[in-house]
Number of protein chains: 4
Amino acid sequence: MSDLTLVDAQSIVNAALAKGGELGLKPIAVAVLDAGGQLKAFARQDAPAILRADIAIGKAYGALAVGQGTRWLNRTALERPHFLVGLSGVSDGKIIPVIGGVLIKTESGRVIGAVGVSGDTSENDEVCGIAGIEAAGFVADPGA
Amino acid sequence: MSDLTLVDAQSIVNAALAKGGELGLKPIAVAVLDAGGQLKAFARQDAPAILRADIAIGKAYGALAVGQGTRWLNRTALERPHFLVGLSGVSDGKIIPVIGGVLIKTESGRVIGAVGVSGDTSENDEVCGIAGIEAAGFVADPGA
Amino acid sequence: MSDLTLVDAQSIVNAALAKGGELGLKPIAVAVLDAGGQLKAFARQDAPAILRADIAIGKAYGALAVGQGTRWLNRTALERPHFLVGLSGVSDGKIIPVIGGVLIKTESGRVIGAVGVSGDTSENDEVCGIAGIEAAGFVADPGA
Amino acid sequence: MSDLTLVDAQSIVNAALAKGGELGLKPIAVAVLDAGGQLKAFARQDAPAILRADIAIGKAYGALAVGQGTRWLNRTALERPHFLVGLSGVSDGKIIPVIGGVLIKTESGRVIGAVGVSGDTSENDEVCGIAGIEAAGFVADPGA
């Protein structure tokens, strides 16, 4: 019951894409990973940018890596860039330490996955991620 | 007009999942990549197997890598295993040379992407991939 | 309640080491990974073999990768070596496809992690892994 | 006599975890590596953060990499960030250059391994690492 299902993950993706459309954002990519960091659902709107998927996935992975939304990584990267060099290394380069990676939590605070969004500004990407998580009935944690 | 849209890619994913359900297969993962090898849409049904996404993506990538459905890679791997070792190397290990990676072609024969499916037997995975491509109005090429 | 705790993981490690001692095996290493493939507990008995930890972890990771104990990977590797080349690639070389990687399941069949053991023969390694899992009150699935 | 035994390594892990509990820290992970940089013992307390093991191991590895506790790497990283980029590269990305990686020395000053701790603040992580080493009767060197 506490695992992220495909139905949940697809609801999050669709609601995040809808939010982007509502706000008139640039085409975005939305990745949903389970708590173990594995891809569960993904969609990328039509636009030419060949690493868009990797960036979206990397934001979600970064949030899970340290158990905090990527606002924390983004801030830490500015304060202690060498930590991010290290973290990038031990993760085999899988982390995008930028705003837009949001933890998916249950009401009770359990982390069941993360969403990563990429395509518009980082702040707008994050708005879409949060909207997707909340539309699916979960609690969004973008970090601080 | 000849590029794979997100709408197309999601149609393929959903029809492939539906085919798996219709046949009573094990939970599957379905990945759709565009002609450049970048992830466009993805869904993974609920089951514990942490590399399922990588395997599905790797089959689609393998098909695009050589411009043929992965039946060709699967056969070639048996006849010339050293070629697959080399191909795995130059692709940074991104290829799964196994049945279940199917090219998405237009009526005119243009390759616009590939589908990779993983979760049941390779042959059943392929059936789902072909069903998804055809349901979306494209031509499926599983290789030979 | 259904996640693998550190207490569980340490029980498994200790019981597996005890089994090795009881059987008079060579020094072994025992790794316990959670369902997401992350290391939870580990111990390596005293012996000079610098990749022992990587091998033990790689067996457990291999079992989780495909959702089956590594007897399945070991057999598949003999029948379809190219699949293993591919799997090794997409996992960034993290898989040891050899007997001795055993899934940890609950009574209800849910996979909550895996144990990998290395140091003696593969079959003896597996005996220790199974003993560890059962001593901690879980169901061991070595694959088939 | 001067090699790190499993009994020693497990004593260090357990005493470090106990220190974390005594201080009321967040869940931590504790890794003990031998002088050759290979994992000897490891435990990760229950918390969702999927790279916790890699970070703890990376701190210990970093200490061994340069023969100094990671206070030295942390300081050097601030003064000469390019050195850390290089070090991360030649180590295949295995180093976390952050406080919390502590060398394990004998009374005579011989390095027999290192401890890496991750989970709370870097300074608190280091306190646990030092406590673990001293409880096991060794000399802790956190670098300077």
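Below you will find a few notes about this structure.

Quick notes on the rules
Residues numbered from 1 in each chain as written. Chains lettered and ligands numbered in written order. Predicted model: local features only at pLDDT ≥ 70, side-chain atom pairs only at ≥ 80, totals over all residues. Heavy atoms only, no water. Contact = heavy atoms within 4.5 Å. Buried area = accessible area lost by both parts, 1.4 Å probe. Salt bridge = Lys/Arg side-chain N within 4 Å of Asp/Glu carboxyl O. Polar contact = N/O pair within 3.5 Å; in protein donor to acceptor, adjacent residues only side chain to side chain. Helix = DSSP H or I, 4+ residues; strand = E, 2+ residues; numbered from the N terminus. Nonpolar A, V, L, I, M, F, W, Y, C, P; charged D, E, K, R; others polar. Pairing = 2+ DSSP bridges. Buried < 20%, exposed > 50% of the residue type's maximum accessible area, 1.4 Å probe, protein only. Core = buried A, V, L, I, M, F, W, Y, C linked by side-chain atoms within 4.5 Å.

## Section: the interface of chain C and chain D
Piece 1. In this complex, chain C contributes 20 residues to the contact, which on the side of chain D involves 20 residues.
Piece 2. Between chain C and chain D, a total of about 1500 Å² is buried, with carbon and sulfur atoms accounting for 45% of that surface.
Piece 3. When residues of chain C are sorted by the area they lose upon contact with chain D, C:Gln38, C:Leu39 and C:Arg44 head the list and together hold 35% of the total.
Piece 4. There are 4 salt bridges connecting chain C and chain D.
Piece 5. Between C:Asp34 and D:Arg44 there is a salt bridge, with the nearest N and O atoms lying 2.9 Å from each other.
Piece 6. Between chain C and chain D we count 14 residue pairs in polar contact (both at pLDDT 80 or more) in total.
Piece 7. Looking at the side of chain C that touches chain D, the elements that each hand over two or more residues are helix 1 (6-22), strand 2 (39-44) and helix 2 (52-66) of chain C.
Piece 8. Of the residues forming the side of chain C that touches chain D, the biggest block, 6 residues, is contributed by strand 2 of chain C.
Piece 9. Partitioning the side of chain C that touches chain D into residue classes produces 10 nonpolar, 5 polar and 5 charged.
Piece 10. Examined bridge by bridge, strand 2 of chain C and strand 2 (residues 39-44) of chain D share 3 bridges and lie antiparallel to one another. For C:Ala41, the partnering residue across the bridge sits in strand 2 of chain D and is D:Ala43.

## What about helix 4 (residues 81-90) of chain C?
A turn of α-helix holds 3.6 residues, and therefore any two residues three or four places apart point the same way.
Piece 1. The buried fraction of helix 4 of chain C amounts to 7 of the 10 residues, a majority that puts the element mostly inside the structure.
Piece 2. What helix 4 of chain C keeps buried is the set C:His82, C:Phe83, C:Leu84, C:Gly86, C:Leu87, C:Gly89 and C:Val90.
Piece 3. Contacts from the buried residues of helix 4 of chain C go to helix 2 (52-66), helix 3 (70-79) and helix 4 (81-90) of chain B together with helix 2 and helix 3 (70-79) of chain C.
Piece 4. In the segment just after helix 4 of chain C, C:Asp92 is the residue with positive phi, at about 55°.

## Some thoughts on the nonpolar core
A general feature of soluble globular proteins is that nonpolar side chains tend to end up buried together.
Piece 1. Residues A:Ile12, A:Ile104, B:Ile12 and B:Ile104 are the most contacted members of the largest nonpolar core, which totals 46 residues.
Piece 2. Every residue in contact with A:Ile12, bar those within four places of it in the chain, is listed here: A:Leu4, A:Val32, A:Ile104, A:Val115, A:Gly132, A:Ile133, A:Ala136 and A:Phe138.
Piece 3. Judged by nonpolar contacts, the second largest core, of 44 residues, contains C:Ala43, C:Ala140, D:Val13 and D:Val117.

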